[in-house]
Amino acid sequence: MNAPSTSPAWPPAPAGPRPPGRLVALDWLAVAGFGLLVLADLPGDTAVPVWAVVVLTAAMTLPVGFRRYLPRTAFGIVLVATLSSLLWDWHYDWFAAAGFTLYTVAVGHRARSRVLTTVITGIVLSVFPCLTVMGAPSPAPEMLTSLLIGCVVLGGAWSLGQAVQGRRDAAAAAARQLADQRVAEERLRIARELHDVVAHTMSLIAVKAQVANHVGAKRPETAWESLRDIESAAKGSLTEIRHILGILRTGDTIDEAVPRLADLPGLGARAAAAGVELHVHAPSPGPLPAGVELAAYRIVQEAVTNVVKHAAPARCDVSVTVESRELRILVENTAGRAASATSVPGHGLRGMAERVAAYHGEFHADHTADGGFRVTASLPLPSGVS
């Protein structure tokens, strides 16, 4: 049995997206218009054979219908046919169809330098007013006049097409820049979410691991308790990371599984396990945008994480209230142990500031007079939220 033929179909499909049918219909309407102009201007006493008139007329008009598929080929055919009609002295159309197809070539041409287009535009802007005001040179053959006007038409078509192409390139560059900016913002959001979840949990795990390692031999029951706390913190962190990754994969909005302000008291047990006495004052503020609630929770979580890492054992007070259409956050801790000389500054404060900036709020973080630390943030609320 012979294998089926794999030869490509003919004619080959045009490269790139197919133009809309409406635009193609307009092109063929232009073909009809140019054809009527040519036929209306035919001289009655021409010595050109009828077959040549038919061929040149078809060559000057029909390629316009294919200008979106083969712009350079269409322009070349129309230009050669137009010049031939001038040489045979039977038609003078001032290169209207040639300029129409040249515009398509110019729109699809991305020039490395704009010098040529600038020169052509300058010549057109110099010659066109002269032809309009003073007319063509007289006496001059009609062929020379048509060639002069044709150069202006072709130059104007090229300049206009290049201007349109330049505007499209600028719009495409702006779109790419916007896309890059959105990618960078999304990358920053992912980094912020993962940092807040992982840093908080790892800080608790590190503290409890130190306790277990320190008392493991003398007080094994305390070590086992620390290991249970480590297991609980790790499971909670994995759950939050799964929810974050699920949102990022699907593009869905924040759902109920993501931490909210009502979950703030849950930080107390984990903070207490690390030696921080946490007091949370967060009365129910009513319905809030999910994004604002998540940002507020993450800000408090990161602030408490910093207390665990740098001040435990210490007392930490958290207050979250709504005043004057703003969600206000205050996290303040008493002076605890001095930070270790080997501790490495993290990205917690910067992450909190970025979250607040995303909502056009205000953020402050500084030491208190008694040696503690205070974090304040305000997140503006949309109208209708009180």
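Structural data are supplied above this passage.
A brief structural summary.

Rules used in this analysis
Residues numbered from 1 in each chain as written. Predicted model: local features only at pLDDT ≥ 70, side-chain atom pairs only at ≥ 80, totals over all residues. Heavy atoms only, no water. Helix = DSSP H or I, 4+ residues; strand = E, 2+ residues; numbered from the N terminus. Buried < 20%, exposed > 50% of the residue type's maximum accessible area, 1.4 Å probe, protein only. Core = buried A, V, L, I, M, F, W, Y, C linked by side-chain atoms within 4.5 Å. Contact = heavy atoms within 4.5 Å. Axes fitted to C-alpha atoms, helices over the stretch in contact; angles between N-to-C directions. Parallel < 35°, antiparallel > 145°, perpendicular 65-115°, else oblique. Left-handed = near helix turned anticlockwise from the far one by under 90°. Nonpolar A, V, L, I, M, F, W, Y, C, P; charged D, E, K, R; others polar. Pairing = 2+ DSSP bridges.

Across its full length, the chain carries 10 helices and five strands. Considering the chain as a whole, with its 386 residues, one finds that 35% of them fall into the buried category.

Counting 33 residues, the largest nonpolar core has V300 and L327 as the members making the most contacts within it. Broken down by secondary-structure element, the contributors of at least two residues to this core are α8 (266-273), β1 (276-281), α9 (290-310), β2 (314-323), β3 (326-333), α10 (348-358) and β5 (373-380). In terms of residue count, the dominant contributor to this core is α9 (10 residues). For L327, the residues in contact, after removing those within four places along its chain, are L261, L288, V292, A296, V320, T321, V322, A377, S378, L379 and L381. With 15 residues, the next largest nonpolar core counts V64, V78, A98 and A106 among its residues.

Take the packing of α8 against α9 next. Direction vectors running N to C along α8 and α9 enclose 15°, while the axes themselves pass 11 Å from each other. The angle between α8 and α9 places the two elements in the roughly parallel class. Between α8 and α9 lies a crossing of right-handed hand. Where α8 approaches α9, its residues L267, R270 and A271 are matched on the opposing element by Y297, V300, Q301 and V304. Across the contact of α8 with α9, the residue classes tally to five nonpolar, one polar and one charged.

Turning next to the sheet that holds β2. If you walk across this open sheet you meet the five strands as β1-β2-β3-β5-β4, and the pairing is mixed. A strand with exactly one partner marks an edge of an open sheet, and here the two such strands are β1 and β4 (362-367). When the angles between neighbouring strand axes are averaged without regard to direction, this sheet yields 10°. Judged from the eight bridges that link them, β3 and β5 form a sheet pairing that is antiparallel. Across the sheet, E332 pairs through a bridge with R374, a residue of β5. On the sheet, α10 packs against β4 and β5 and is oriented at approximately 155° with respect to β4.

In short, the description is geometric, and any link to function would need to be established separately.
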